[in-house]
Amino acid sequence: MVKINLPAPAFTLDAYHNGEFKKVSLSDFKGKWVVLFFYPADFTFVCPTELGDLADNYKAFQNEGAEILSASTDTHFVHKAWADASATIAKIKFPMLADPTGQMTRDYGVYIDEAGLALRGTFIIDPEGKVKAYEVHDNSIGRSTEELLRKIQAAKFVAQHGGEVCPMNWKPGAKTLKPGLDLVGKI
C-alpha cells in the first residue's frame, strides 16, 4: 500500500521510449522528481488527451528536474503500435511503462480487478524515492497537467525551504507560510 512520505514501490518494467524497447526501473531516477502517471488503456478516449497534454508540457516538467513515466496494463508492443497509429501519442518523449501482469498497478493500489486496467492514478515521488502526493480519479475524469506541474513546484519548494509550507493555489513566487504559534487562528 502506498503511503505518503514512505518509499514508493520499486519496479522494473519493459517500456516503449523514443522508438525503442527498454527496461525501466524506478531506481533509474534516483535524485530526480518522478511523476508516475497511470492510465487505463491505449487506443482509448480520455487517455490520449492526457498523454498528449503531458507530451506538450514535458519540457516544463524537465525544467523542474522531474521525469514523467506513464503506465498502463498494455504491453510495450501495444504502446509502440499506438505511437505508430496516433500523431498525439507519437509526440511522447517520456517512457511508456508496460505492466501487462498488473503487478505494479496493484502495488500502487490502482488496479481494477474486474477489468484488468488501471484507474487514473498520479503519484509524485521525490528524489529520495518517497511518495509526496498522489491522487486517483474515476476513469471518466481527466486530470490537469497545469495542476500536476504546480504540485511538483510546491513539493520542490517545501523540500528546499524547510519549515515553510505552500497554501491553497500556491504558485512559484507567491507567499508561503511558516507554521507557528503566531499563525494559529490568524489565517
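Computed from a predicted structure; not experimentally measured. The residue numbers shown here count from 1 along each chain, following its written sequence. At least 70 in pLDDT is required for a residue's local features to be given in this predicted model, at least 80 for side-chain atom pairs to be given and counted, and no such filter applies to totals for whole chains, interfaces and linings, which use all residues. To obtain the side-chain values, all non-hydrogen atoms of the structure were included, while hydrogens and water were left out.

## Quick notes on the overall build of the protein chain
Elements are defined by DSSP. Helices are runs of H or I of four residues or more, strands are runs of E of two residues or more, and each kind is numbered from the N terminus. Looking only at helices and strands, the protein chain has 6 helices and 9 strands in total. We compute the radius of gyration over the C-alpha atoms and compare it with the globule rule, which gives 2.2 Å times the number of residues raised to the power 0.38. Its C-alpha atoms give the protein chain a radius of gyration of 17 Å, within 12% of the compact-globule value 16 Å for 187 residues. Across its three principal axes, the protein chain shows a C-alpha extent of roughly 55 × 30 × 30 Å. Classification of residues uses two cut-offs on accessible area relative to the type maximum, computed with a 1.4 Å probe and protein chains only: under 20% is buried, over 50% is exposed, and between them is partly exposed. Relative to its 187 residues, the protein chain shows a buried fraction of 47%. Note on definitions: a residue-residue contact is assigned when non-hydrogen atoms from the two residues lie within 4.5 Å. Restricting the contact set of the protein chain to residue pairs at least 6 apart, pairs at least 24 apart contribute 66%. Under the counting rule used here, the positive set is Lys and Arg, the negative set is Asp and Glu, and His together with the chain ends is not counted. Charge positions are represented by NZ for Lys, CZ for Arg, CG for Asp and CD for Glu. Treating the 21 positive side-chain charges of the protein chain as one cloud and the 23 negative ones as another, the clouds have centres 6 Å apart.

## Here's the deal with the environment of isoleucine 187
Its place among the elements puts isoleucine 187 in the segment after helix H6 (145–160). Among the residues examined, isoleucine 187 registers a relative accessible area of 76% and is labelled exposed. Placed 10 residues apart in sequence, isoleucine 187 and leucine 177 show a C-alpha to C-alpha distance of 9.9 Å.

## A look at the sheet that holds strand E2 (residues 20–25)
Taken in spatial order, the 7 strands of this open sheet run E2-E1-E5-E4-E3-E8-E9, and their pairing is mixed. What marks the edges here is a single partner per strand, and that holds for E2 and strand E9 (131–137). Between one strand and the next, the sheet's axes are offset by a mean angle of 25 degrees, whatever the strand orientation. Packing against the sheet, H6 makes contact with strand E3 (33–38), strand E4 (66–72), strand E8 (120–125) and E9, and its axis sits at approximately 150 degrees to E3. Two strands pair under a simple rule: DSSP has to find at least two bridges between them. Lines fitted to C-alpha atoms define the axes, with helix axes restricted to the stretch in contact, and inter-axis angles between N-to-C directions lie between 0 and 180 degrees.

## Some thoughts on empty space enclosed by the protein
Note on definitions: the grid is 1 Å and covers protein atoms alone; a cavity is a set of points where a 1.4 Å probe fits but cannot get out; a pocket is an open set with protein on both sides within 12 Å along at least five of seven lines; lining residues have an atom within 4 Å of a point. Grid points are joined across faces, edges and corners, and a volume is the space filled by probe spheres set on the points. This model, assessed by the stated rule, comprises 1 cavity of 30 Å³ or more. Put simply, the largest cavity is a space of about 30 Å³. In this structure, the largest cavity is lined by Thr122, Ile124, Ala133, Tyr134, Glu135, Leu148 and Lys151. Mapped by element, the contributors of at least two residues to the lining of the largest cavity are E8, E9 and H6. As a working rule, the residues Ala, Val, Leu, Ile, Met, Phe, Trp, Tyr, Cys and Pro are called nonpolar, Asp, Glu, Lys and Arg charged, and the rest polar, with Gly in that last group. Across the lining of the largest cavity, the residue classes tally to 4 nonpolar, 1 polar and 2 charged.

## Here we look at unusual backbone geometry
Positive phi outside glycine occurs at asparagine 18, with the angle close to 50 degrees. With respect to the helices and strands, asparagine 18 occurs in the loop between strand E1 (12–17) and E2. The class for asparagine 18 is partly exposed, based on a relative accessible area of 45%.

## Some details on the packing of aromatic side chains
Aromatic pairing here means that ring centres of Phe, Tyr or Trp (its six-membered ring) are within 6.5 Å. Orientation follows from the plane angle: under 30 degrees is stacked, over 60 is edge-to-face, and everything else is tilted. Counted under the stated rule, the structure contains 10 aromatic pairs. Ring centres of phenylalanine 21 and phenylalanine 77 lie 5.2 Å apart, and the angle between their planes is 75 degrees; this geometry places the pair in the edge-to-face category. With phenylalanine 21 in strand E2 and phenylalanine 77 in helix H3 (residues 76–85), the pair connects residues that are 56 residues apart, well separated along the chain. By relative accessible area, which is 38% here, phenylalanine 21 ends up partly exposed. Between phenylalanine 123 and tyrosine 134, the aromatic rings sit 5.4 Å apart at their centres with planes inclined by 20 degrees, giving stacked as the arrangement. With phenylalanine 123 in strand E8 and tyrosine 134 in strand E9, this pair connects stretches of sequence that are 11 residues apart. Since its relative accessible area comes to 0%, phenylalanine 123 is described here as buried. Taking relative accessible area as the criterion, tyrosine 134 reaches 38% and is therefore assigned partly exposed.

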